[in-house]
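A structural walkthrough
As a plain string of letters, each chain reads:
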Amino acid sequence: MKTQRFLTADILKGIAVILMIQVHITEQFARADIYESFLGRISLFLGGPLVAPVFLAVMGYFAIASKKSTLQTIKRGLGIIGLGLILNLCLNATLLYKIYSGEFQFNPLNYIFGVDILFSAGIAIIVIALLKKIFNSKFYLYLITALFIAFLAPFFNGKELCCPYLFALVGGAYSWSYFPIFPWLAYSLAGASFYCMKNNFQINTISVKTRMLLMGICMLFFILFFKYGFEIASVLPLYYHHNILFFLWSISLILFWILMISFLSEIKSINKYPVISFLAWTGKNVTVFYFIQWCIIGNAASFILKSYGYVELIISFVLITILTAILVFIIEKVRFWKIKKAA
């Protein structure tokens, strides 16, 4: 069962990685007429509820499942926040150089301290480590807290305080506040709640009929509010600072995907299929994939920002996905040989 759990999570994250790469390319490379077209909005939508919410929910699931001490978990969270800062410097390296040389007239701090998803993930890990001492395994406490955070998110929209680069971590109207605590912490807490619920009520033993019923309920909710969800997911400022209804809508879709992929994971030798194997491997190395693809796309954007048509976008997606996979493979092999040598 442990193997199935990891396989399901890795496939889920792998799908999210592929959708993530395509949406980042659309955001950075697509011409204005394509970006604002219906196909452009579909690209943004595909990079919405099945990307960042999935990453954070799965991260919350495994964060609370970790056997590490509170201090170790907090250190890990701080490390991820630090990695987020390093990523901002790396992906904006060429842009920062052009700002420094006077070619561009932008405020570099907006890019250095942009609230990327790694900041949100690091904060979530720290919060879960602390709440774990208080809530223990009571799933409903994590769920109530998640709903409360999602409910409060709109109250932070449009607000600007005296410490913008600090308050941007919480929310606000700042252009560099992409994944603030309100509402994004809610997804990690939802993932933690699901882990506790699974353990308390032995969800793994639920019958196929019951799982199919849950999938139907989730899909019904998703369809009923699809128009609303699509409008939010395809407009980035709204997506970054959404409300509780979009949160519930995204969670319903994530739960549907988890249940569907769990069925696939139960098929014998499913991981031997090349596509499934690649997705699982990608999901397993999600952080490295995320870091590398952003470094490539972010630096390239300084030269080709919003200038590509459909053909160039498709070619960019294929090339960047392949290049990222090759670099991740090399890094993985180097790590393996270092560990083997140390042993």
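Residues numbered from 1 in each chain as written. Predicted model: local features only at pLDDT ≥ 70, side-chain atom pairs only at ≥ 80, totals over all residues. Heavy atoms only, no water.

Across its full length, the protein carries 18 helices and zero strands. Taken against the 2.2 N^0.38 rule, which gives 20 Å for 343 residues, the C-alpha radius of gyration of the protein at 20 Å falls within 12% of a compact globule. The principal-axis extent of the C-alpha atoms belonging to the protein is close to 60 × 45 × 45 Å. Within the protein, the fraction of its 343 residues that count as buried is 50%. Across the protein, every contact between residues at least 6 apart in sequence was considered, and the portion connecting residues at least 24 apart equals 81%. Total accessible area on the protein is roughly 17200 Å²; 73% of this is exposed by carbon and sulfur atoms. (Helix = DSSP H or I, 4+ residues; strand = E, 2+ residues; numbered from the N terminus. Rg over C-alpha atoms; globule rule 2.2 N^0.38 Å. Buried < 20%, exposed > 50% of the residue type's maximum accessible area, 1.4 Å probe, protein only. Contact = heavy atoms within 4.5 Å. Areas by Shrake-Rupley, 256 points an atom, 1.4 Å probe, with all protein chains shown as cover.)

Attention now goes to the packing of aromatic side chains. Inspection of the entire model under this criterion finds 34 aromatic pairs. Plain terms: the ring middles of Y61 and F194 are 6.1 Å apart, the flat faces sit at 40° to each other, and that makes the pair tilted. Taken together, the residues Y61 in helix α4 (residues 52–65) and F194 in helix α11 (residues 181–201) connect sequence positions 133 residues apart. Judged by centre distance (6.2 Å) and plane angle (55°), the rings of F106 and Y111 are tilted. Judged by its relative accessible area of 42%, F106 falls in the partly exposed class. The ring of Y35 has K306 sitting right over it, with the charged end atom 4.6 Å from the ring centre. (Phe/Tyr/Trp six-rings, centres within 6.5 Å; stacked < 30°, edge-to-face > 60°. Lys NZ or Arg CZ within 6 Å of the ring centre and 35° of its normal.)

Our focus in this paragraph is unusual backbone geometry. With an omega of 15°, the peptide bond between F182 and P183 qualifies as cis. Its place among the elements puts P183 in helix α11. The backbone phi angle of N136 is positive, close to 55°, even though this residue is not glycine. If you trace the backbone, N136 turns up in the loop between α8 (117–135) and α9 (139–152). Even without glycine at this site, K306 takes up a positive phi of about 50°. Note on placement: K306 falls in the loop between α17 (286–304) and α18 (310–342). We classify K306 as partly exposed; its relative accessible area is 38%.

Axes are the key here: two packed helices are described by the angle between their axes and the distance separating the axes. Running from amino to carboxyl end, helix α5 (residues 70–91) crosses α17 at an angle of 25°, the nearest separation of the two axes being 8 Å. The angle between the axes of α5 and α17 places the two elements in the roughly parallel class. Of the residues in α17, those touching α5 at L83, I86, L87, C90 and L91 are T287, Y290, F291, W294, C295, G298 and N299. Classifying every residue of the contact of α5 with α17 by side-chain character gives nine nonpolar, three polar and no charged. (Axes fitted to C-alpha atoms, helices over the stretch in contact; angles between N-to-C directions. Parallel < 35°, antiparallel > 145°, perpendicular 65-115°, else oblique. Nonpolar A, V, L, I, M, F, W, Y, C, P; charged D, E, K, R; others polar.)

Right, let's talk about the pattern of salt bridges for a bit. Within this structure, the stated rule accounts for four salt bridges. A salt bridge links D10 to K13; its shortest N-O distance comes to 3.7 Å. Here K13 and D10 lie together in helix α1 (residues 2–29), a separation of three residues that amounts to about one turn. With respect to class, D10 is no different from K13; both count as buried. Note that E231 and R41 form a salt bridge whose closest N and O atoms lie 2.9 Å from each other. (Salt bridge = Lys/Arg side-chain N within 4 Å of Asp/Glu carboxyl O.)

Below, the discussion takes up α8. Between its first and last C-alpha, α8 extends 25 Å over 19 residues, near the 27 Å set by a 1.5 Å rise per residue. Once α8 finishes, N136 follows within two positions and takes phi at roughly 55°, a positive value. (Expected span 1.5 Å × (residues − 1).)

This next bit is on the packing of helix α6 (residues 93–100) against α17. Axis separation between α6 and α17 bottoms out at 7 Å; the angle between their running directions is 45°. In terms of their interaxial angle, α6 and α17 are classed as oblique. Counting all contacts with α6, which are made through A93, T94, L95 and K98, the residues of α17 involved are N299, S302 and F303.

Attention shifts here to the side chain of S120. Tracing the chain through its elements places S120 in helix α8. The residues touching S120, leaving out its near neighbours within four places in the chain, are L56, F179, P180 and W184.

Another point: the nonpolar core. Grouped together as the largest cluster of nonpolar side chains are 92 residues, with contacts concentrated most on F29, F55, L87, Y142 and L189. In terms of residue count, α1 provides more of this core than any other element does, 14 residues in total. Sequence-distant contacts of F29, defined by excluding residues within four places in its chain, comprise I297, A300, A301, I304, K306, S307, Y308, L313, S316 and I320. (Core = buried A, V, L, I, M, F, W, Y, C linked by side-chain atoms within 4.5 Å.)

In this section: the confidence of the model for the protein. Confidence in the prediction for the protein averages 91 pLDDT; 94% of positions are at 70 or higher. The weakest mean pLDDT in the protein belongs to α1 at 86; the strongest belongs to α5 at 97. (pLDDT = per-residue confidence, 0-100.)

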